[in-house]
Number of protein chains: 2
Amino acid sequence: MRAPTIYDLAEKAGVSIATVSRALNAKAGLSAETRDRVLAVADELGYVPNGTARGLSYGATETIGVVVATRSTNAALAEEHESLLFVDAVIRGAERSAQRIGFALLLASIRPRSGWEAAKRMVGRTDGLVVVDRAVSEEAMAWIAARHPVVALAWDSPKGDELVVRIDNVGGMSRLVEHLVVEHGYTEIGVVRGPESSPDATARWQTVEQCATKLGARIVGTWVGDFSAASGERIARTIGRSTAPMPRALMCMNDQMAVGVLNVLTAREIAVPEEVAVTGFDDIIVSRYLRPGLTTVRQPAEELGATAVSSLYEVARGTALAVREMVLPTEVVVRSSCGCASTPVLEAPHSETDLGVGRPRREGAGADAAPAPDDLAEMAG
Amino acid sequence: MRAPTIYDLAEKAGVSIATVSRALNAKAGLSAETRDRVLAVADELGYVPNGTARGLSYGATETIGVVVATRSTNAALAEEHESLLFVDAVIRGAERSAQRIGFALLLASIRPRSGWEAAKRMVGRTDGLVVVDRAVSEEAMAWIAARHPVVALAWDSPKGDELVVRIDNVGGMSRLVEHLVVEHGYTEIGVVRGPESSPDATARWQTVEQCATKLGARIVGTWVGDFSAASGERIARTIGRSTAPMPRALMCMNDQMAVGVLNVLTAREIAVPEEVAVTGFDDIIVSRYLRPGLTTVRQPAEELGATAVSSLYEVARGTALAVREMVLPTEVVVRSSCGCASTPVLEAPHSETDLGVGRPRREGAGADAAPAPDDLAEMAG
DNA sequence: CGCTTACTGGTAAGCGCTTACGGCGGGGCG
DNA sequence: CGCCCCGCCGTAAGCGCTTACCAGTAAGCG
């Protein structure tokens, strides 16, 4: 039982395939009567348009590809775990954006060293590509960008033809440093750094260094981790064993490492934030369930995906983009691990995604916070 | 600068397009010399095959569609938040499986009441569909399944041509009840139920009822929530206000509601598990960061996605499937909210996805637990 | 030495759809 | 009353690729 095609519809409705096509696509120049007749037949036969044929003929697929690095799921390599959540959020945002413009999302994960075959295949099947999480090499990126619209996420500034959407590491981190140094008066700061290979890690670390010294604080030590909670734990132990005095504040370049640090400190009964303040970066979901709640910088992962897709849409439509690099704002989220008063139970949901437990939310320092949705009011009690 | 096609390659290599196609697809019946020449030209021109054309000609897209319900992101409608994580996990599993078989994933979210247009479009662009989270109505499901391979997730048993992949609600929940009643000796059980419309919620609740009475415990009350943390809070407050004595154990039909319940109980200084034991279902990530850690039933979300995709692959290849309904095992995860001794800092990662903080994990009652990966050993300390 | 056989590679027919173009009636206009 | 224009619809030419079928060549065989 072959799926019906426009030929079948045309025959049954007694018209030509051109007319069928026009009716299905609501083109002008058709009498209402003819259109309705065709549509009725389509309904009757359960017609579903063949997307490949349409794409081929139309010259565009109305599809955006999302390329992510394969996240080895077998892994005790825990570092991937939260980055995985980051990727999920990006995909979610991309999907939201795609839906709005009537596009579909083609998802492919590619193994880090697998060559570009998978990426190439994506090029031939989409109108544009979003590359997340450094899923392809710089070389591959250049190759692809030379012949296909591409948006890179968490990438350096564009070198080739690719567009870049990034978050404002500098702004968020500098406000966080300011909070620690100016509001809390911490002057001895330790930094748990990320991998050298990550542009995000580098940007954040450099910002800490510059801001701290500018504000009169001192970097009393840095330790290099790999963004994993395990590396945070390891570093916290190293610091604990050391004879040097503890830094007054430990700034971690992402939340996962902060989680690891917090675990070790808590286990050793070193009071956070009384003895050591701890901060993170990203605002992963877990951060607000920790005790003490982790003060961090929120990274708008969904917006990254959404922005990437809508930029590609503009490019596909031929719109000339004003900028080749978009920087999305970040926001400091103050909880208690920095030394601010702790929130009683759980804070309220932040703007878009949360468990929705009703308590007004503490606002991020120096950043606009969305007003709590009205319907949360009735839950407060 | 039009993208090069096989015609361009054929001309440049001095062969016919058929030969080019054969070379690119590594078909037999070509001399190595010819093949290499074509491949060299392809490389030189930066050729990328057009996926739509290939799909049209080949008669299959090598793509699996994943249809999810649009998750309103503006929402204080918090119930969606964790289900959103569930969907992410399913997508991840599906992607993993798709990659293995060389398929791509086409992702589309459809608004609950938007008609099936989006779903129809997916039918015409894929070789099979995975429907997650009741994204389409029963009616639409029947329609689609009649003409396209479909796997439904979290669905009732198949009524039409669709395949169903579900989790073993009954097995997991009955083991959990057994744990509470037999091992802990709780006889007065309260149940925080889920929405009537959810087959999962219904199956879990019925299991609790049957098992509990069979084991000699008593259901002292039930409250209907909507799977959201907020509804859990609301219910916990209701219970608190009531003059009736507290149940000894509160079984929540999902983790989110358990989170809400825990929050309220903790805030009111009602000791968990000493006064009231609390359990959940799903094992969302947050559950293990709560204090006390939430005893729950792990639901293999990634496996759901992976199984769905590989089943569709079998169908696409023409393999006759032995069963139309697959039930994936669940596993009780014992933490401390049930009254078992609490784990010191954080438990170790469970099998596939975790932060990887190193401590051997408590094993689920009556279920196999994957051995802790070796390289975690060195972190212990 | 002629004929079969195995190998290579070319020819052409689609796959299902969009769309440029042209034809055919009928109403408005000169 | 004839002409033009316009609304409606059919004809046909692709979109880029796969593949059935066939042709040509060289090697193998009696």
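Residues numbered from 1 in each chain as written. Chains lettered and ligands numbered in written order. Predicted model: local features only at pLDDT ≥ 70, side-chain atom pairs only at ≥ 80, totals over all residues.

Peer 1: I'd like a description of the packing of helix 10 (residues 229-241) of chain B against helix 11 (residues 255-267) of chain B, backed by residues and values.
Peer 2: Between two packed helices, the angle of one axis relative to the other and the distance separating the axes together describe the packing. All names here are of chain B. One way to put it is that helix 10 packs onto helix 11 with a least axis distance of 6 Å and a crossing angle of 45 degrees. By the criterion of interaxial angle, the relationship of helix 10 to helix 11 is oblique. Between helix 10 and helix 11 lies a crossing of right-handed hand. Here Ala-229, Ala-230, Ser-231, Gly-232, Glu-233, Ile-235, Ala-236, Arg-237 and Gly-240 of helix 10 come into contact with helix 11, specifically with Gln-256, Met-257, Ala-258, Val-259, Gly-260, Val-261, Asn-263, Val-264 and Leu-265. Residue composition of the contact of helix 10 with helix 11, grouped by class: ten nonpolar, six polar and two charged. (Axes fitted to C-alpha atoms, helices over the stretch in contact; angles between N-to-C directions. Helix = DSSP H or I, 4+ residues; strand = E, 2+ residues; numbered from the N terminus. Parallel < 35°, antiparallel > 145°, perpendicular 65-115°, else oblique. Left-handed = near helix turned anticlockwise from the far one by under 90°. Contact = placed C-beta atoms within 7 Å. Nonpolar A, V, L, I, M, F, W, Y, C, P; charged D, E, K, R; others polar.)

Peer 1: Give a detailed account of the protein's contact with DNA strand D, specifying residues and quantitative values.
Peer 2: Neighbouring DNA strand D are 26 residues, the closest being Ala18(A), Thr5(B), Ala18(B), Ser21(B) and Ser57(B). Of all the secondary structure elements, the ones that give two or more residues to the surface near DNA strand D are helix 2 (17-24) and helix 4 (51-58) of chain A together with helix 2 (17-24) and helix 4 (51-58) of chain B. Partitioning the surface near DNA strand D into residue classes produces 13 nonpolar, eleven polar and two charged. (Near = placed C-beta within 6 Å.)

Peer 1: Could you give an account of the domain arrangement of chain A, with specific residues and numbers?
Peer 2: For an interface, size is often stated in terms of accessible area lost upon the parts coming together. Residue and element names in this part refer to chain A. On domain assignment, one finds that chain A holds domain 1 (6-49), domain 2 (63-168 + 302-328) and domain 3 (169-300 + 331-370). Counting residues at the interface gives 13 residues for domain 2 and 16 residues for domain 3. Among the elements of the structure, helix 5 (79-101) and helix 12 (301-316) are those that each provide at least two residues to the side of domain 2 that touches domain 3. Grouping the amino acids of the side of domain 2 that touches domain 3 by side-chain chemistry returns seven nonpolar, no polar and six charged. (Domains from an automatic or database assignment.)

Peer 1: Tell me about the sheet that holds strand 7 (residues 218-224) of chain A, residues and numbers included.
Peer 2: Residue and element names in this part refer to chain A. Read from one edge of the open sheet, four strands run 7-6-8-9, paired in parallel fashion. Strands at the two margins of the open sheet, each flanked by one partner only, are strand 7 and strand 9 (277-279). Taken over all neighbouring pairs, the strand axes of this sheet differ in orientation by 20 degrees on average, direction set aside. Sheet topology places strand 8 (residues 249-252) next to strand 9; three bridges connect them, and they run parallel. Looking at strand 9, one finds that Ala-249 is bridged to Ala-277. (Pairing = 2+ DSSP bridges.)

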